[in-house]
Amino acid sequence: MCGFIVGSKNNCATKNPNIIKFCVAQLNKSRAALKSSFQVSREYRKISSRSVSVTKRTLAPPQRRHPRPHTQTPAQRPGAMMSLLGRPDVDAGEVFTNFNQNITSLAVATSGGYSLYSLGSVDSTLDKIYHTKSDELFLIERLFESSLVAIVSQRAPRKLKVCHFKKQSEICNYSYANTILAVKLNRERLIVCLEESLYIHNIQDMKVVHTIRDTPCNPQGLCALSSSSDHCYLAYPGSVTAGEVQIFDAIHLHAKTMIPAHDTPLAALAFSPSGTEIATASERGTVIRVFSSQDGSRLFELRRGLKRCVSIVSLSFSTCADYLVSSSNTETVHIFRLDRSGAETADNHGSKQTTDDWMGYSFFRFLGRTVTSYLPTQVTDVFSQGRAFASVTLPEAGVRRMCAIATIQKQLRLLIASQDGYLYVYSIPAVEGAECQLIKRHDLRLEDHYAMDIKVDSPQTLGLNSGVSIGGAAGVPPSGAGGAGGSGGDAKAAPAAEKPGGSYASAVKGDEPAGPSSSSSA
């Protein structure tokens with residue numbers, strides 16, 4: 001109305017100054033009210049923003065004045081050594097140890113090289129037969145008593161080197177698409193295990209005769225190869241969720257059988273010397289089972305423990321196949337006796353058992369045969385499972401140990417090669433339930449100045465082409481190259497430096513005399 005009055009020129013109210021003053025006063029009041037309202041709104045916004053910031057500061061977690069530095073796991077540290085257990089063995093001053101197929105030799109790899117020892121007189125001395133300076137190794141395998149060794153270094157974890165250690169030379173090398181996790185040898189085959197594939201080489205000429213692809217994920221490189229040429233079987237996990245064992249005929253190149261060994265994934269595998277039996281352990285580690293590798297039937301079930309689950313590191317049959325030894329991440333090593341004589345023989349000889357034997361572990365076998373029909377299956381299984389025949393308690397847990405039982409100078413001996421650098425020699429008692437007696441402890445880190453100490457400066461090929469690259473498929477060198485063979489894939493073979501005739505065959509047979517050393521330590 002005020003606007004109408006003021007804006008109307010012909011209106012008579014424009015001539016009255018009181019009306020004009022009234023309208024101006026109302027406009028000023030309205031302007032002042034709007035200004036005041038705007039100021040109040042701005043102050044409210046400031047207060048609100050301050051309260052929100054205070055709330056955020058109150059609820060926010062306290063900031064560290066000195067942030068915690070990023071820590072690396074041992075496997076992520078620069079220069080840390082690879083191993084099958086993810087431990088930086090050499091970087092931590094530890095060693096990698098491995099027995100050959102018939103427990104006559106021990107291979108030891110350290111940060112400065114690798115050594116080979118003879119176990120013929122291990123009760124008193126440990127004879128070093130070879131030592132060489134090389135890159136840090138995390139895999140080394142020797143073929144029986146021959147001059148052939150297969151090695152994988154930390155610097156080149158995808159490359160396999162096959163060497164003639166007595167001639168101080170490299171026979172050949174093969175490169176694969178992924179990291180080599182395990183290498184197994186016998187007189188017929190050489191097996192290279194990757195995370196999702198297995199390569200089978202002919203040991204006589206190193207040709208790739210077969211490739212098993214798309215295997216279940218096997219990050220630990222778990223596999224086993226029989227040392228027997230008559231039953232040349234390869235075993236590897238058949239599942240990532242259950243303890244299935246796939247048995248593969250490495251001579252005729254076909255799958256033989258699948259054994260449902262455990263409910264949980266596998267942790268260890270081992271063939272008997274004849275290749276007709278295979279021992280298995282799961283990640284739970286409480287029960288060890290022995291199966292026939294030919295038909296998959298269960299032969300033995302052995303109870304390692306009842307109270308706690310452990311990680312089985314090593315399983316090994318004795319050279320006479322009458323004992324089975326297991327080591328784990330605990331301080332105890334268990335020895336099981338595989339009694340194949342049957343229940344009747346055990347009953348016939350029951351009167352000859354000593355009191356300690358009867359009140360010890362034989363009681364469980366008798367109780368299992370007596371009360372089987374009166375108790376639930378879960379209970380009778382516990383009683384029927386074999387117990388440890390003998391055991392060894394070592395001073396420290398959490399150390400990876402490789403174990404073997406061999407007949408040395410007509411005496412049965414337990415050998416424990418530990419990654420902390422010691423070789424333990426124990427006698428095995430004749431009575432069940434007894435402790436093994438320590439005979440000798442050898443320090444594998446000491447230098448033997450009387451042993452052959454050789455450094456190979458320029459490896460040479462011995463009748464085979466080196467530098468073969470095996471990618472996703474098996475490598476195929478040019479015709480007549482003598483390198484890796486098989487079906488499909490690409491391979492690049494370098495020309496041979498020299499061909500000294502039957503040197504490779506002599507390395508496999510082990511009848512080649514040792515060559516002169518290029519450098520030695522007196």
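Bear in mind the structure is a predicted one, so any value in this text is a computation, not a measurement.

### Quick notes on the overall build of the protein chain
Stage number 1. Across its full length, the protein chain holds 7 helices and 31 strands.
Stage number 2. Sorting the 522 residues of the protein chain into buried and exposed places 47% on the buried side.
Stage number 3. Taking the intrachain contacts of the protein chain between residues at least 6 apart in sequence as the baseline, contacts between residues at least 24 apart amount to 48%.
Stage number 4. Per element, the accessible surface of the protein chain, about 26300 Å² overall, is 52% carbon and sulfur.

### A short note on the pattern of salt bridges
Stage number 1. Scanning the model with the defined rule gives 7 salt bridges in all.
Stage number 2. With its nearest N and O atoms 3.2 Å apart, the salt bridge here joins aspartate 443 to arginine 445.
Stage number 3. Using a relative accessible area of 41% as the deciding quantity, one classes arginine 445 as partly exposed.
Stage number 4. Connected via shared salt-bridge partners are Glu277, Asp322 and Arg340.

### Concerning the sheet that holds strand E24 (residues 390-393)
Stage number 1. Spatial ordering of the open sheet is given by E21-E22-E23-E24-E28, a layout of 5 strands whose pairing is mixed. The sheet is open, and its two edges are formed by strand E21 (312-317) and strand E28 (434-435), each paired on a single side.
Stage number 2. Across 4 bridges, the pairing between strand E22 (residues 323-328) and strand E23 (residues 332-337) is antiparallel. If you follow leucine 324 over to E23, its bridge partner there is phenylalanine 336.

### Notes on the packing of aromatic side chains
Stage number 1. With the rule as written, the count across this model stands at 6 aromatic pairs.
Stage number 2. Where tyrosine 176 meets tyrosine 199, the ring centres are 5.2 Å apart and the plane angle is 55°; that geometry is what we call tilted. Pair noted here: tyrosine 176 is in the loop between strand E8 (169-175) and strand E9 (182-185) and tyrosine 199 is in strand E11 (residues 197-202), with a separation of 23 residues, a long-range link. Pair check on accessibility: tyrosine 176 and tyrosine 199 agree, each one buried.
Stage number 3. Here a set of aromatic residues connected by ring pairs shows up, and it is made of Tyr114, Tyr130 and Phe165.

### Here's the deal with the sheet that holds strand E12 (residues 208-213)
Stage number 1. Taking strand neighbours across the sheet as the criterion, the 4 strands line up as E9-E10-E11-E12 in an open arrangement whose pairing is antiparallel. Looking at which strands have only one partner, the edges of the open sheet turn out to be E9 and E12. Neighbouring strand axes in the sheet, compared pairwise and without regard to direction, differ in orientation by 15° on average.
Stage number 2. Inspection of the sheet shows strand E10 (residues 189-193) paired to E11 by 5 bridges, in the antiparallel sense. Each bridged residue has a counterpart across the sheet, and for cysteine 193 the counterpart in E11 is leucine 198.

### Quick look at the nonpolar core
Stage number 1. Residues Tyr114, Leu160, Ile180, Val183 and Leu190 are the most contacted members of the largest nonpolar core, which totals 36 residues.
Stage number 2. Elements represented by at least two residues in this core include exactly strand E2 (105-110), strand E3 (113-118), strand E5 (137-142), strand E6 (148-153), strand E7 (159-164), E8, E9 and E10.
Stage number 3. In terms of residue count, the dominant contributor to this core is E6 (5 residues).
Stage number 4. Those residues within four positions of valine 183 in sequence are excluded, and the remaining contacts are Leu139, Glu141, Ala150, Val152, Leu160, Leu190 and Ile191.
Stage number 5. In this structure, Val122, Leu126, Ala404 and Val425 belong to the second largest nonpolar core, which totals 18 residues.

### Remarks on the pairing of E6
Stage number 1. The buried fraction of E6 is high, at 6 of 6 residues.
Stage number 2. Across the two faces of E6 the burial is the same, with Leu148, Ala150 and Val152 and Val149, Ile151 and Ser153 all buried.
Stage number 3. Where E5 meets E6, 5 bridges bridge the pair, whose relative direction is antiparallel. Directly across from leucine 139, in E6, lies its bridge partner valine 152.
Stage number 4. Taking the residues between adjacent antiparallel strands as the criterion, E5 and E6 are bridged by 5 residues, where phenylalanine 144 takes a positive phi near 45°.
Stage number 5. With 4 bridges joining them, E6 and E7 adopt antiparallel strand pairing. Bridging across to E7, alanine 150 finds its partner in valine 162.
Stage number 6. Between the antiparallel neighbours E6 and E7 lie 5 residues.

### Concerning the side chain of glutamate 432
Stage number 1. Examined against the element boundaries, glutamate 432 turns out to sit in the loop between strand E27 (422-427) and E28.
Stage number 2. Looking at glutamate 432, the relative accessible area reads 5%, which means it is buried.
Stage number 3. Reaching out from glutamate 432, the side chain makes a polar contact with the side chain of arginine 337 at a distance of 3.3 Å.

### Comments concerning unusual backbone geometry
Stage number 1. The phi dihedral of glutamine 409 falls on the positive side, at around 50°, and the residue is not glycine.
Stage number 2. Within the secondary structure, glutamine 409 is located in the loop between strand E25 (401-408) and strand E26 (411-418).
Stage number 3. Note on glutamine 409: relative accessible area 55%, which makes it exposed.
Stage number 4. For lysine 410, which is not glycine, the phi dihedral falls at a positive 65°.
Stage number 5. Along the chain, lysine 410 falls in the loop between E25 and E26.
Stage number 6. When its relative accessible area of 79% is taken as the criterion, lysine 410 is described as exposed.

### Quick look at the confidence of the model for the protein chain
Stage number 1. Averaged over every residue, the pLDDT of the protein chain is 74; residues scoring 70 or more account for 61%.
Stage number 2. Of the regions scoring below 50 in pLDDT, residues 343-361 engages in 17 contacts with residues more than four places distant in sequence or in other chains.

Analysis parameters
- Residues numbered from 1 in each chain as written.
- Predicted model: local features only at pLDDT ≥ 70, side-chain atom pairs only at ≥ 80, totals over all residues.
- Heavy atoms only, no water.
- Helix = DSSP H or I, 4+ residues; strand = E, 2+ residues; numbered from the N terminus.
- Buried < 20%, exposed > 50% of the residue type's maximum accessible area, 1.4 Å probe, protein only.
- Contact = heavy atoms within 4.5 Å.
- Areas by Shrake-Rupley, 256 points an atom, 1.4 Å probe, with all protein chains shown as cover.
- Salt bridge = Lys/Arg side-chain N within 4 Å of Asp/Glu carboxyl O.
- Pairing = 2+ DSSP bridges.
- Phe/Tyr/Trp six-rings, centres within 6.5 Å; stacked < 30°, edge-to-face > 60°.
- Axes fitted to C-alpha atoms, helices over the stretch in contact; angles between N-to-C directions.
- Core = buried A, V, L, I, M, F, W, Y, C linked by side-chain atoms within 4.5 Å.
- Polar contact = N/O pair within 3.5 Å; in protein donor to acceptor, adjacent residues only side chain to side chain.
- pLDDT = per-residue confidence, 0-100.

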